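# Working through the structure, step by step
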Amino acid sequence: MLRGAWREIRYYPSAMLGLFIILVFVAVSIYTVVTIPYSEVVDLWRGGEAVWGDNPRLAAPEWVNYFRRTKLPKTIKMLSTDPDVERRQEQVDDNLWIDDTIYTFEFQYDEFPQDLAVTLEAEFETKAPYVSVILVRPDGEEIRLGDLSVKGGRQVFLVSQEEKIAQRLRLPERRDIVEAIFAEDPKAEEPVVLKGTYQLRIEATLFEPESTITSKVVVYGKVHGWAGTDHLRRDLSVALLWGAPVALSFGLVAAVGTTVLTMIIAAIGVWFGGWVDSIIQRITEVNMVLPALPILIMIGVFWTRSLVVMLFAIIALSIFGAGIKTNRAIFLQVKALPYIEAAKAYGASDLRIVFFYMIPRIIPTIIPSLVLGIPSFVFLEAALALLGLGDPVLPTWGKIIDEARVNGALLQGHYYWILEPTFALMITGVAFAMLGFSLDRIFNPRLREL
Amino acid sequence: MTEQAVSISVEAPKAQGGVSTWKRVLRYTLVRSIMLLVTVVVGVYLTVLIANMGGHVDEIRRAMIRESVAMRFQNDPTFKALPPEARQKRIEEEVRRLERRYGLDKPFLVRSFVFLSQALSLNLGRAENMTSDSGSRQVRLIILERLPPTLFLFGTSSLIIFFLSLFISLHLSRNYGSLLDRIFVSLSPLSAAPGWFYAIFLIAIFAAWLKILPFGGMISTPPPETRWEYALDVAKHLILPIGAQILSALFIGVYSWRTFFLIYSSEDYVEMAKAKGLPPRAIERRYILRPTLPTIITSFALALISVWLGQIIFETVFDWPGIGRTYYQAIQVFDTAVIVGITVIYAYLLAITVFLLDIIYAIVDPRVDVGGPRATV
């Protein structure tokens, strides 16, 4: 019967489409788990500035530029060790060395960069190197961004936080410094980007013969990767990719666990009858009174938010659901069939009859409900995450939606942040539903002629 | 539960052929109501246990009392002068007094049965941490205050979805295979996503992007003055929640009802009626709707009582001041009284509905006969 189903499913375009999407998700999941292993993704996702420091904050995905008239900038990142970066080193006298680094970069975008960061790292014994940062604009104007001594060996210099630049340029109140230094006219009411070749000169003065200085320049853009970034500069593609295996395995394990256990319990109840059956019935009725979602929330609040614990709790709460009643009705018919009578006659044991005669008989009828059940569990996981009860360490689709909502993604217009995970959830859900509906029509002959 | 009612009554006549009908009805009603009551008691007791995490919440409460007492003594200048031992003694006394006041001096097992009996007698007691908007700590008042918004929103949308899907599906089953029919069938997988999910989409489109409808809540702040404007404002806040629910529930509702009606309209007696030349309306009313009435009533009743719990996530997404959100807030502040209160009312409503359904079944479906002597079909 199952082989026949496969032959038949090919005639249902929606089933094939659903199956195709599911297979794509499975492939993506395998790729993700292989390239970014579990331990790595946990560290990655919880890593702070050290991991994600070079990404822009709240950057849209790169493909939004295809839909925009004014192009958003990508991030430009340069190291002093890069081959195309110019270095000038020279000794002035016994205790004075000059080490200039000159970064040259093209800026041809229609919108301003988000920020400009210079990270300086120096090695020295007692006297820290002294550094001046100067921006040479395409129109030849030089803007002194700052002067500092690299105390402690490492200094990060963010242009947006340097109020001195605003004073030096005599900017009006509350004018964005980053926009001003990249604008044709820094004081203009509506600044326009000055396109062309910029130079960033880092002029270091070293006071010791062994002293060295290295630097890194990041011109933060407003787009990043294919998925964009969140408020903590994290690349959303990591979370979106990892959401796939989490959602698929969660939905699959919950649906299979619930369906199979429900089936076994219903079969045992029907076969043994009497008090076994009536206990199962009573448990089902009590379970109907129990509020399932609140119990899950209580587990999350009182005890643990771990995804695995939630998974088991969900299965435990769903086993004695409405499925018991439907399965029971089918098993009651199966029990009366002659082949069961025959099995009993030649002395098959009770458990043998339950597991090898009754259950295989109804497997085709439960496959559609199993497939249709998967999306509901996937969405349940997302729903728990939306209540702030998502897994504490793993990035999941639901958790991105929650973080986006909490951080006002919709109010501030960061639509990509909330729409990407919702689309992923939607496509997964619809794919399983399309497959499930078609399977329902194949396995339930009564629906087939309709 | 309802299916079981049918099976019981189908088996019943063989066992008790001779007793008079009334006695049978009475006995059946009694047995059934006792069974339902036991179900409710067990269900509510389990909820009490879970809401207290099997006594674990009592530990949290004790720790909270101790902490707040210690804080109070530390900040009170009159106790600063006392030597440490004397102060410690005073703290212990105060902690014991408060524990006795909240009943924490008794073991949890005893407390759990006190909770149970109070809950079952609908003596819902006082909330521990939550207050109603009017400032009361009565659980009854908290629930009563949050109930109207929930009933209003989910009652409206449930009714709309129920009748809309019923009528559309009747229409589709009549015009089976038409373009509209195919559209609905192919849209049915959309129902895989729950209501809150569409809510996020709708909020993104209509509130964040187009800025024509509110993000959430039930009324603007400050609320409009005149009654007419007030109603208009609430209606505006209702559009997105109801829209989201319809998007998620309508297509699957139409699909399953349509299939259900189609199965019934392929029965032999319907073919027979057609052959006799009865008008389609009469066939629909007498031969299709009549036998499916019990199912329709059941799903209507279950849809109505599911309104009670509201939807925790849905109300959270829309910031709707209803029961669901209250439930969630209660869990977050360990307010067992509110959790159990809402649950016990739901359990009672469910039990009463199931009980009534059994009786209604007997009225509308001649095959279901509460232990009666008439032959079952």
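Worth saying up front: this structure is predicted, and the values here are computed from it rather than measured.

## A look at the overall build of chain A
Looking only at helices and strands, chain A has 16 helices and nine strands in total. Here the C-alpha radius of gyration of chain A, 32 Å, is well above what a compact globule of 450 residues would show, namely 22 Å. For chain A, buried positions account for 54% of its 450 residues. Sequence separation of at least 24 residues holds for 73% of the intrachain contacts in chain A that already meet a minimum separation of 6.

## Things to note about the overall build of chain B
Looking only at helices and strands, one finds 15 helices and zero strands in chain B. The C-alpha atoms of chain B give 27 Å as radius of gyration, which overshoots the globular expectation for 377 residues (21 Å, by more than 25%). Oriented by its inertia axes, the alpha-carbon framework of chain B measures out at about 100 × 70 × 35 Å. Sorting the 377 residues of chain B into buried and exposed places 45% on the buried side. At a minimum sequence separation of 6, the contacts of chain B that also span at least 24 residues come to 70%. Per element, the accessible surface of chain B, about 19,200 Å² overall, is 66% carbon and sulfur.

## Details of the interface of chain B and chain A
On the side of chain A, 45 residues touch chain B, which itself brings 52 residues to the contact. Summing the contributions of chain B and of chain A, the shared interface buries around 4,600 Å²; its carbon and sulfur component is 80%. On the surface where chain B and chain A come into contact, there are zero salt bridges. Applying the counting criterion to the chain B and chain A interface returns three residue pairs in polar contact (both at pLDDT 80 or more).

## Comments concerning the pattern of salt bridges
Residue and element names in this part refer to chain A. Under the defined criterion, the tally for this structure stands at 28 salt bridges over all chains. A salt bridge links Arg 137 to Glu 141, with the nearest nitrogen and oxygen atoms 3.8 Å apart. Arg 234 is paired through a salt bridge with Asp 230; the nearest N and O atoms lie 3.0 Å apart. The same class applies to Arg 234 as to Asp 230, namely buried. A network of salt bridges, in which partner residues are shared, links Asp 54, Lys 77 and Lys 216.

## Describing the domain arrangement of chain A
Segmenting chain A into domains produces domain 1 (2-46 + 234-449) and domain 2 (71-220). A straight line from the C-alpha centre of domain 1 of chain A to that of domain 2 of chain A covers 54 Å.

## What about the sheet that holds strand β5 (residues 130-136) of chain A?
All names here are of chain A. On the basis of which strands lie adjacent, the open sheet formed by five strands has the order β2-β3-β8-β5-β6 and antiparallel pairing. The open sheet has two free edges, formed respectively by β2 (86-93) and β6 (142-149), since each of these has just one partner strand. Ignoring which end each strand starts from, the neighbouring axes of this sheet average 15° apart. In this structure, strand β3 (residues 96-107) lies alongside strand β8 (residues 196-206), joined through 11 bridges in antiparallel fashion. Bridge pairing in β8 places Asp 99 opposite Ala 204.

## Concerning the domain arrangement of chain B
All names here are of chain B. You can read the domains of chain B as domain 1 (19-120) and domain 2 (146-364). The straight-line distance from the C-alpha centre of domain 1 to that of domain 2 is 37 Å. Contacts between domain 1 and domain 2 engage 16 residues on the former and 12 residues on the latter. Taken together, the two surfaces of domain 1 and domain 2 that pack against each other cover about 1,300 Å², and 77% of this comes from carbon and sulfur. Summed over the shared surface of domain 1 and domain 2, the number is three residue pairs in polar contact (both at pLDDT 80 or more). Among the elements of the structure, α2 (21-51), α3 (56-75) and α6 (108-120) are those that each provide at least two residues to the side of domain 1 that touches domain 2. Per-element accounting of the side of domain 1 that touches domain 2 gives the leading share, 10 residues, to α2.

## Points about the pairing of β3(A)
If a strand is regular, its side chains alternate between the two faces of the sheet. Pairing of β2(A) with β3(A), which is carried by seven bridges, proceeds in the antiparallel orientation. Across the sheet, residue A:Glu86 finds its bridge partner in β3(A), namely A:Ile102.

## Some points on the pairing of strand β4 (residues 115-123) of chain A
Residues and elements named next belong to chain A. Taking burial as the measure, the nine residues of β4 include seven buried ones, the bulk of the element. Inspection of the sheet shows β4 paired to strand β9 (residues 212-220) by nine bridges, in the antiparallel sense. Across the sheet, Glu 123 pairs through a bridge with Thr 212, a residue of β9. Bridge count between β4 and strand β7 (residues 154-158): five bridges; the pairing is antiparallel. Directly across from Glu 121, in β7, lies its bridge partner Arg 154.

## Section: the packing of aromatic side chains
Applying the stated criterion to the full structure yields 30 aromatic pairs over all chains. Consider the rings of A:Phe107 and A:Phe182, whose centres lie 5.5 Å apart with planes at 40°: the pair is tilted. Of this pair, A:Phe107 sits in strand β3 while A:Phe182 sits in the loop between α6 (177-181) and β8, and the two are 75 residues apart along the sequence. Residues A:Phe107 and A:Phe182 agree in their burial class; the two are buried. Arranged with centres 5.6 Å apart and planes meeting at 50°, the rings of B:Phe184 and B:Phe251 form a pair that is tilted. Of this pair, B:Phe184 sits in helix α8 (residues 179-187) while B:Phe251 is found in helix α10 (residues 227-265), placing the two residues 67 residues apart along the sequence. For the residue pair B:Phe184 and B:Phe251, the accessibility class agrees, reading buried in each case. Here the aromatic cluster, defined as three or more aromatic residues joined through ring pairs, consists of B:Phe162, B:Phe163, B:Phe167, B:Trp257, B:Phe260, B:Phe261, B:Tyr264 and B:Phe300.

## Structural notes on the side chain of B:Glu284
With respect to the secondary-structure elements, B:Glu284 resides in helix α12 (residues 280-306). Among all residues touching B:Glu284, those that are not within four sequence positions of it are B:Leu170, B:Arg174 and B:Leu289.

## What to know about the packing of helix α12 (residues 338-345) of chain A against helix α13 (residues 350-389) of chain A
Residues and elements named next belong to chain A. The geometry of α12 relative to α13 is characterised by a closest axis approach of 11 Å and an angle of 170° between their N-to-C directions. On the basis of the axis angle, α12 is roughly antiparallel to α13. Facing Tyr 339, Ile 340, Ala 343 and Lys 344 of α12, the residues of α13 in contact are Ile 353, Tyr 357, Met 358 and Arg 361. Among the residues forming the contact of α12 with α13, the class breakdown is six nonpolar, no polar and two charged.

## Considering the nonpolar core
Judged by nonpolar contacts, the single largest core of 144 residues is most densely connected at A:Ile297 and B:Trp196. Per-element accounting of this core gives the leading share, 14 residues, to helix α15 (residues 415-443) of chain A. Apart from the residues within four sequence positions on either side, B:Trp196 is in contact with A:Phe379, A:Ala382, A:Ala383, A:Leu386, B:Ile313, B:Phe314 and B:Val317.

## Some points on the sheet that holds β4(A)
Residue and element names in this part refer to chain A. Ordered by their spatial adjacency, four strands build an open sheet running β1-β9-β4-β7, and the pairing between neighbours is antiparallel. Strands with a single pairing partner mark the edges of an open sheet, and in this sheet they are β1 (76-79) and β7. Across this sheet, the average inter-strand angle for adjacent strands is 10°, counted without regard to direction. As paired strands, β1 and β9 are joined by four bridges and run antiparallel to one another. Paired with Leu 79 across the two strands is Lys 216, which belongs to β9.

## Focus: the confidence of the model for chain B
All names here are of chain B. Mean pLDDT over chain B stands at 81; residues scoring 70 or higher make up 91%. Segment residues 371-377: pLDDT under 50, and 11 contacts once partners within four positions in sequence are set aside and those in other chains are kept. Scored as a complex, the prediction yields pTM 0.84 and ipTM 0.79.

## Examining the environment of B:Glu267
Residues and elements named next belong to chain B. Considering the arrangement of structural elements, one finds Glu 267 in the loop between α10 and α11 (268-276). You can call Glu 267 partly exposed: its relative accessible area is 23%. Through-space distance from the C-alpha of Glu 267 to that of Ile 288 is 9.1 Å; in sequence the pair is 21 residues apart.

Conventions used here
Each chain carries its own residue numbering, running from 1 in the direction its sequence is written. For this description, chains carry letters from A and ligands carry numbers from 1, given in the order in which they are written. Given that this is a predicted model, residues contribute local features only at a pLDDT of at least 70 and side-chain atom pairs are listed and counted only at 80 or more, while totals for whole chains, interfaces and linings are drawn from all residues. Side-chain descriptors were evaluated using all non-hydrogen atoms of the structure, hydrogens and water having been removed beforehand. Numbering of helices and strands runs from the N terminus, with a helix taken as a DSSP run of H or I at least four residues long and a strand as a DSSP run of E at least two residues long. Within these notes, the globule rule equals 2.2 Å times the number of residues to the 0.38 power, and the radius of gyration is based on C-alpha atoms. Residue exposure (1.4 Å probe, protein chains only): buried if accessible area is under 20% of the type maximum, exposed if over 50%, otherwise partly exposed. Here, residues are in contact when the closest pair of their heavy atoms is within 4.5 Å. Note on areas: Shrake-Rupley with a 1.4 Å probe; residue coverage comes only from the protein chains shown. Accessible surface is computed with a 1.4 Å probe, and the buried area is the amount of it that two parts give up when combined, taken over both parts together. We count a salt bridge whenever a side-chain nitrogen from Lys or Arg sits within 4 Å of a carboxyl oxygen from Asp or Glu. Two N or O atoms count as a polar contact when they lie within 3.5 Å, although within protein this holds only if one can serve as hydrogen donor and the other as acceptor, and sequence-adjacent residues are included solely when both atoms are side-chain atoms. What counts as a domain boundary in this text is fixed by an automatic or database domain assignment. If DSSP finds at least two bridges between two strands, the strands pair. To obtain each axis, a line is fitted to C-alpha atoms, and for helices this fit is confined to the stretch in contact; angles are then taken between N-to-C directions over 0 to 180 degrees. The aromatic pairing rule takes the rings of Phe, Tyr and Trp, using the six-membered ring of Trp, and pairs them if the centres are within 6.5 Å, calling planes under 30 degrees apart stacked, those over 60 edge-to-face and the rest tilted. Here the angle decides the label: under 35 degrees means roughly parallel, over 145 means roughly antiparallel, 65 to 115 means roughly perpendicular, and every other value means oblique. Polar here means any residue outside two lists: the nonpolar Ala, Val, Leu, Ile, Met, Phe, Trp, Tyr, Cys and Pro, and the charged Asp, Glu, Lys and Arg; Gly therefore counts as polar. Here, the term nonpolar core denotes a set of buried Ala, Val, Leu, Ile, Met, Phe, Trp, Tyr and Cys residues that are joined through side-chain atoms within 4.5 Å. Confidence of the prediction at every residue is given by pLDDT, a number between 0 and 100.

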